Amino acid sequence: MDYDAILQKCNYLLSSNNLDEISDFIPELMRVYDLLDIEATKASDGYDNLRDMTYIQMSREKNDTKKTDKMIETESKARAAEKFWNRNINKVVVKHFEKYLHLLEWRQIKLMSDRKQDL
């Protein structure tokens, strides 16, 4: 999914006076936000689980490998980060989408209010 294009469209719509465009886009943004939020949660949970499982496994083998607890902790984090490298990026994009959802909803309400006053 092209998150940059979605963010650009959000910026465009915030300066737009086209209520229909904003109203049509909000459900699409909500869908993308929900999907990415689920993916970010899965990646974060996967990172934690892999890190913990690797730590436990390496701790059991500690005497054979002569690694310190700090080395085991560092290596378990590195292995998990290698597989789930995008977890922090997804969290940030989710926050941006959430912010834009609120801003576009506010813009929609503002435009509806302006229209009502013009009548």
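Note that this is a predicted model, so its numbers are computed, not measured.

**Student:** Mind showing me how you'd approach the overall build of the protein here?
**Tutor:** Of the regular secondary structure elements, the protein holds five helices and zero strands. In the protein, the succession of α and β elements from N to C terminus is α-α-α-α-α. Relative to a compact globule of 119 residues, whose C-alpha radius of gyration would be 14 Å, the protein shows 22 Å and is clearly more extended. Summarising its shape, the C-alpha atoms of the protein cover approximately 80 × 20 × 20 Å along the three principal directions. For the protein, the proportion of its 119 residues judged to be buried stands at 29%. In the protein, of all internal contacts separated by at least 6 residues, the share reaching a separation of at least 24 is 75%.

**Student:** Can you walk me through the nonpolar core in this structure?
**Tutor:** If you look at soluble globular proteins, the nonpolar side chains tend to sit buried side by side. Within the largest apolar cluster, 20 residues are counted, with the highest numbers of intra-cluster contacts made by Ile 6, Cys 10, Ile 22, Phe 25, Leu 29, Phe 97 and Leu 104. Going through the elements one at a time, helix H1 (3-14), helix H2 (19-60) and helix H5 (87-118) are the ones with two or more residues in this core.

**Student:** What should I look at first to understand the pattern of salt bridges in this one?
**Tutor:** For side chains bearing opposite charge, pairing can occur when the charged atoms are close. Considering all chains together, one arrives at seven salt bridges under this definition. Between Lys 42 and Glu 39 there is a salt bridge, with its nearest N and O atoms 3.9 Å apart. Of this pair, Lys 42 and Glu 39 are both found in helix H2, three residues apart, which corresponds to roughly one turn of the helix. Judged by relative accessible area, which is 53%, Lys 42 ranks as exposed. One salt bridge in this structure joins Asp 114 and Lys 110, with 3.2 Å as the shortest N-O distance. One end of the pair, Asp 114, and the other, Lys 110, are both in helix H5, four residues apart, so they sit about a helical turn from each other. Look at Lys 110 and you get partly exposed, because its relative accessible area is 34%. A single network of salt bridges, built from pairs that share partners, joins Asp 48, Arg 51 and Asp 52.

Reading the values: the criteria
- Residues numbered from 1 in each chain as written.
- Predicted model: local features only at pLDDT ≥ 70, side-chain atom pairs only at ≥ 80, totals over all residues.
- Heavy atoms only, no water.
- Helix = DSSP H or I, 4+ residues; strand = E, 2+ residues; numbered from the N terminus.
- Rg over C-alpha atoms; globule rule 2.2 N^0.38 Å.
- Buried < 20%, exposed > 50% of the residue type's maximum accessible area, 1.4 Å probe, protein only.
- Contact = heavy atoms within 4.5 Å.
- Core = buried A, V, L, I, M, F, W, Y, C linked by side-chain atoms within 4.5 Å.
- Salt bridge = Lys/Arg side-chain N within 4 Å of Asp/Glu carboxyl O.

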